[in-house]
Amino acid sequence: MTEKHETRDACAGGSMNTSIISIRHLCKEYLNVTPLKDISVEIKKGEVISIIGPSGTGKSTLLRCINLLETPTKGEIVVDGVVTTDKKCNINLVRQKMGMVFQSFNLFAHKTIIENIMMGQVDLLGRSRQEAYDRGMELLRNIGLADKAFSYPDELSGGQKQRAAIARTVAMEPEIILFDEPTSALDPELVGEVLNTIKSLAEDGTTMILVTHEIGFAREVARRILFMDGGRIAADGTPEEIIDHPENPRLMQFLNFVNRK
Ligand code: ADP
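Residues numbered from 1 in each chain as written. Predicted model: local features only at pLDDT ≥ 70, side-chain atom pairs only at ≥ 80, totals over all residues. Heavy atoms only, no water.

So, on to helix H5 (residues 158-171). Its 14 residues give H5 an end-to-end C-alpha distance of 20 Å, which sits within 8% of 20 Å, the value for a rise of 1.5 Å per residue. Extensive coverage of H5 is indicated by the burial of 14 of its 14 residues. (Helix = DSSP H or I, 4+ residues; strand = E, 2+ residues; numbered from the N terminus. Expected span 1.5 Å × (residues − 1). Buried < 20%, exposed > 50% of the residue type's maximum accessible area, 1.4 Å probe, protein only.)

Okay, structure coming up:
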């Protein structure tokens with residue numbers, strides 16, 4: 001992945017920190033529910049992290065706060081030296097650093113796969129159509145989907161759609177990719193192909209945060225797992241620590257529940 005130039009603006013934070021994302025005492029409240037209670041975590045450049053936990057514990061809300069799709073109620077988020085929770089922050093600059101892959105693929109149905117992959121590159125990165133096409137085709141070839149370039153999303157399987165959506169995100173060359181339950185809309189037999197696509201990205205050194213309900217997936221792709229419970233990070237460790245030797249009683253309960261399903 002191409003190295004981006006460091007750009008700092010009025011709300012630039014400390015540059016001594018090696019974290020690409022720092023989250024400090026983050027809270028998010030809605031009228032009747034507080035999905036994030038007090039989240040603090042440091043994420044290093046190139047780390048691949050899975051977030052697991054019971055449903056409704058704020059995993060998605062945390063990703064959406066990192067990606068500025070939600071405004072946190074309290075606390076601070078620093079992305080690559082930029083304090084994104086500062087009102088003066090240049091949101092577009094931060095958005096360029098991050099891509100998000102959604103459960104529901106979010107491909108434009110009336111555009112071909114290659115057009116879907118070219119759009120952001122042309123409109124947001126200012127690439128020529130030829131450059132965007134070449135990059136898109138290269139990515140599609142890498143993930144074995146070149147023969148689907150001129151198909152429409154509806155002509156692809158769920159797994160192929162999700163891989164195309166990942167290629168579209170990667171084409172924007174973000175430093176960080178956030179995945180929100182990327183396999184939960186897929187039939188079980190299609191999960192493996194998406195997992196392989198994500199694993200090959202992990203080898204590229206892209207920083208990735210992946211919310212998933214699939215424990216096997218979480219452990220295969222990541223070297224670090226966060227367990228969220230009740231709006232807090234209740235456990236943070238390697239897959240061996242979190243899955244093989246859990247100490248937190250709520251985590252043990254959660255893993256028992258998931259394994260019984
Ligand atoms: P998870 O991803 O762990 O399943 P979420 O982050 O999606 O959990 O949701 C956490 C809680 O916040 C849930 O109770 C959910 O209903 C609530 N919530 C999420 N988004 C909103 C919103 N826009 N307005 C009100 N409540 C919300």
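Once that is clear, we can look at the sheet that holds strand E6 (residues 98-101). Ordered in space as E6-E7-E8-E3-E9-E10, the six strands form an open sheet in which the pairing is mixed. With one partner strand each, in any of the chains shown, E6 and strand E10 (232-237) form the two edges of the open sheet. Direction aside, the axes of adjacent strands within the sheet are offset by 20 degrees on average. Pairing geometry for E6 and strand E7 (residues 176-180), over four bridges, is parallel. Within E7, the position partnered with Gly99 by the bridge is Ile177. Of the strands in this sheet, strand E3 (48-52), E6, E7, strand E8 (207-211) and strand E9 (224-229) touch helix H1 (residues 59-66), which is tilted by about 150 degrees from E7. Docked against the sheet, helix H6 (residues 188-203) engages E3, E7 and E8, running at close to 150 degrees with respect to E8. (Pairing = 2+ DSSP bridges. Axes fitted to C-alpha atoms, helices over the stretch in contact; angles between N-to-C directions. Contact = heavy atoms within 4.5 Å.)

Moving on, we get to the site of the ligand. Surveying the vicinity of the ligand reveals the residues Tyr30, Val33, Pro35, Pro54, Ser55, Gly56, Thr57, Gly58, Lys59, Ser60 and Thr61. Within the backbone of Ser60, one N or O atom sits 2.8 Å away from an oxygen atom of the ligand. Within the side chain of Thr61, a nitrogen or oxygen atom sits 2.5 Å from an oxygen atom of the ligand. Coverage of the ligand by the protein chains reaches 58% of its 560 Å² of free accessible surface. Of the residues belonging to the shell around the ligand, the class tally is four nonpolar, six polar and one charged. (Near = heavy atom within 4 Å. Polar contact = N/O pair within 3.5 Å; in protein donor to acceptor, adjacent residues only side chain to side chain. Areas by Shrake-Rupley, 256 points an atom, 1.4 Å probe, with all protein chains shown as cover. Nonpolar A, V, L, I, M, F, W, Y, C, P; charged D, E, K, R; others polar.)

When two helices pack together, you describe them by how their axes are tilted relative to each other and by the distance separating the axes. Running from N to C, H5 and H6 point in directions that differ by 15 degrees, and their axes come no closer than 8 Å. As judged from the angle between their axes, H5 and H6 are roughly parallel. For the pair H5 and H6, the sense of crossing is right-handed. Facing H5, whose interface residues are Gly158, Gly159, Gln160, Gln162, Arg163, Ile166 and Val170, H6 presents Leu190, Glu193, Val194, Thr197, Ile198 and Leu201. In terms of residue class, the contact of H5 with H6 is made up of six nonpolar, five polar and two charged. (Parallel < 35°, antiparallel > 145°, perpendicular 65-115°, else oblique. Left-handed = near helix turned anticlockwise from the far one by under 90°.)

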